[in-house]
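# Close look at the chain arrangement
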Amino acid sequence: MLRPSPAPAPALRSVLAALGSPTAVREARTPALRAAQGPLSPELPLPVHVLRISGAPEQTPGTRLVGWRFLIRSGDRAIAAADTMLTPDGWSFSHFFEGPYVAATERALVQAEALPGTYQPRLLSVPELYMLTLWLHAEPDPDATDPDAETSDVLVPLAPAPPGIAANRPYRVADLLPVLSTRLAPPPLLGSAAPA
């Protein structure tokens, strides 16, 4: 079961204002928005985090919140997305976009509903690998019957995923992070011994 976090009200207001602006919609590089007939609605807000992997092997990877993404629905399907970002004045609309990650996000959310457990859906971006995943953050068990809930997070790479990483397949964070860390590790300097 998914338990989405509510988006900050200013983030939602900024997306609604952009959708209500003919200039913002017309100038967006999203033909689907310009061609849409009928009302458009921002739905399924997801916090967007960026993965930070340090060059030091003993340091744990970390994330930071960089924005909120809303899927823009027309009729019965998402046709685009809107991103917001945190500015010194608060949450502001950033841009509209469309492409494969819109449908992949919607598909991953439907698949995630069938997984056992309760998760808070998020997006996790790995810019260096041109990778986006649905991050299913395990919610702690209120009855404390699952002491490992915090380590039960799941990542679902969205299509298109980097070579060698299957899209639309749930991975435990503990299984996928080492793969990502290896791919993001800086190459050895010329003339230095490669790690064993």
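Throughout what follows, the structure given in this document is the object of discussion.

Definitions and cut-offs
- Residues numbered from 1 in each chain as written.
- Predicted model: local features only at pLDDT ≥ 70, side-chain atom pairs only at ≥ 80, totals over all residues.
- Heavy atoms only, no water.
- Pairing = 2+ DSSP bridges.
- Helix = DSSP H or I, 4+ residues; strand = E, 2+ residues; numbered from the N terminus.
- Contact = heavy atoms within 4.5 Å.
- Axes fitted to C-alpha atoms, helices over the stretch in contact; angles between N-to-C directions.
- Core = buried A, V, L, I, M, F, W, Y, C linked by side-chain atoms within 4.5 Å.
- Buried < 20%, exposed > 50% of the residue type's maximum accessible area, 1.4 Å probe, protein only.
- Phe/Tyr/Trp six-rings, centres within 6.5 Å; stacked < 30°, edge-to-face > 60°.
- Lys NZ or Arg CZ within 6 Å of the ring centre and 35° of its normal.

## Regarding the sheet that holds strand β4 (residues 90-97)
Hydrogen bonding along the main chain pairs the strands of a sheet, whether they run parallel or antiparallel. Strand order in the open sheet formed by eight strands is β4-β3-β2-β1-β5-β6-β7-β8, and the pairing between neighbours is mixed. Edge positions in the sheet fall to β4 and β8 (171-172), since each has one partner strand and no second. Bridging between strand β6 (residues 131-138) and strand β7 (residues 154-157) involves four bridges; their strand directions are antiparallel. Across the sheet, the residue bridging to Leu134 is Val156, located in β7. The strands touched by helix α1 (residues 9-19) within the sheet are β1 (40-52), β2 (62-74), β3 (77-87) and β4, with β4 carrying the most contacts at an inclination of about 40°.

## A few points about the pairing of β2
As paired strands, β1 and β2 are joined by eleven bridges and run antiparallel to one another. Within the sheet, the bridge partner assigned to Pro42 lies in β2 and is Ile72. When β2 meets β3, the two strands line up antiparallel, connected through eight bridges. Along β3, the bridge assignment pairs Trp68 with Thr84. The loop that links β2 with its antiparallel partner β3 comprises two residues; one of these, Gly75, has a positive phi angle of about 70°.

## Notes on the nonpolar core
Ranked by internal contacts, the top residues of the largest apolar core, which has 16 residues, are Leu2, Tyr119, Leu123, Leu134, Leu136, Val156 and Leu158. Those elements giving two or more residues to this core turn out to be β1, α4 (100-113), β5 (119-126), β6 and β7. Contact partners of Leu136, with chain neighbours within four places excluded, come to Leu2, Ala112, Leu115, Tyr119, Gln120, Pro121, Asp153, Val154 and Val156. Ranked by size, the runner-up nonpolar core spans 15 residues in total, among them Leu19, Trp68, Ile72 and Ala82.

## So, the environment of Glu27
Its location among the elements puts Glu27 in helix α2 (residues 22-27). Using a relative accessible area of 63% as the deciding quantity, one classes Glu27 as exposed. The spatial distance from the C-alpha of Glu27 to the C-alpha of Phe96 is 9.6 Å, given a sequence separation of 69 residues.

## Some remarks on the packing of aromatic side chains
Considering all chains together, one arrives at one aromatic pair under this definition. The positively charged end of Arg122 is found above the aromatic ring belonging to Trp135, 4.6 Å away from the centroid. Above the plane of the ring of Tyr171 lies Arg169, whose end atom (NZ or CZ) is 4.2 Å from the centre.

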